[in-house]
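Observations on the model geometry
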Amino acid sequence: MNASTPVQPLVLYGATGHALSVRAQIERVFAARNHHIVAYIDDHHPGGELAGAPVVTFDEWQVRFREIPVIVTIGEPRARRALAERIEAAGGRFASMCGDWPSIAGDFTYGEGSFTGGPNYIGPNVSIGRHVQIQPMTTLAHDARVGDYSTICTSNIAGWVLIGDEVFIGVGAAIVNGTASRPIQIGQGAVIYAGAVVTKSVPPGMKVAGNPARDVSLAAARRRRGTRPLTDPVS
């Protein structure tokens, strides 16, 4: 820890999977900020310790740690929303942790509870909402908006892209071809599978995969009917 910076206690909601990745980023990338994880919330596997901090139930958190800021580390967007709303309803508050290294534009803005690992490249005129998770080695080129509770795994997002709430973007995906007059729009609740190359807007709730990205539900329906696979990208 940095002896010149006051210790800042922190609680992580989650104690497995993506929570461990977030913890590693806090300890390494954000070490200078002197965050100290004092507890993990896990209603499914409470008890014991993780890296010296207790793993507690939500009820225990309310009694012992409610005054300490929380980051909800769950990767799935809708689950993260539900847990964040649970914390908020119980009177808790949130920490935000986003990098300030040279590869991030000075006008970058982010909402409460958001976490960006690092390093990342985030260009000018980019903003992300509340409780957004962005994994390391991600590019958000310029003129992009990311809605609340969205998850962006390591991927490349070009300029002029508008991403709605609760979107999940898988590892290695690319979103390209947006313009100032016709930005690429990814609708609320959409899922972009790993490795997909998105060149056109994706409607709310649609799941797409492939290069170019296609609606996976239509492709599956055609396979069940024994017809030709879908060849047209989403429009």
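Residues numbered from 1 in each chain as written. Predicted model: local features only at pLDDT ≥ 70, side-chain atom pairs only at ≥ 80, totals over all residues. Heavy atoms only, no water.

1. Brief notes about the nonpolar core
Formed by 45 residues in total, the largest nonpolar core has its most connected members in Leu 140, Ile 163, Ile 169, Ile 186, Ile 192 and Val 198. Only strand 1 (8-13), helix 1 (18-28), strand 2 (35-41), strand 4 (53-56), strand 8 (126-128), strand 11 (144-146), strand 14 (161-163) and strand 17 (184-186) provide two or more residues apiece to this core. Excluding residues that lie within four positions of it along the chain, Ile 163 makes contacts with Arg 145, Val 146, Gly 147, Ser 150, Ile 152, Ile 157, Ile 169 and Ile 186. (Core = buried A, V, L, I, M, F, W, Y, C linked by side-chain atoms within 4.5 Å. Buried < 20%, exposed > 50% of the residue type's maximum accessible area, 1.4 Å probe, protein only. Helix = DSSP H or I, 4+ residues; strand = E, 2+ residues; numbered from the N terminus. Contact = heavy atoms within 4.5 Å.)

2. Section: the sheet that holds strand 14
Spatially, the four strands line up as an open sheet ordered 8-11-14-17, and their pairing is parallel. The outermost strands of the open sheet, each flanked by one partner alone, are strand 8 and strand 17. Between one strand and the next, the sheet's axes are offset by a mean angle of 5°, whatever the strand orientation. (Pairing = 2+ DSSP bridges. Axes fitted to C-alpha atoms, helices over the stretch in contact; angles between N-to-C directions.)

3. A look at helix 1
All of the buried residues in helix 1 are Ala 19, Val 22, Arg 23, Gln 25 and Ile 26. Down the axis, helix 1 shows its buried residues gathered within 160° of arc, on one side only. Those residues of helix 1 that are buried lie in contact with strand 1, strand 2, strand 3 (49-50), strand 6 (115-116) and strand 9 (133-134). (Arc of directions from axis to C-beta.)

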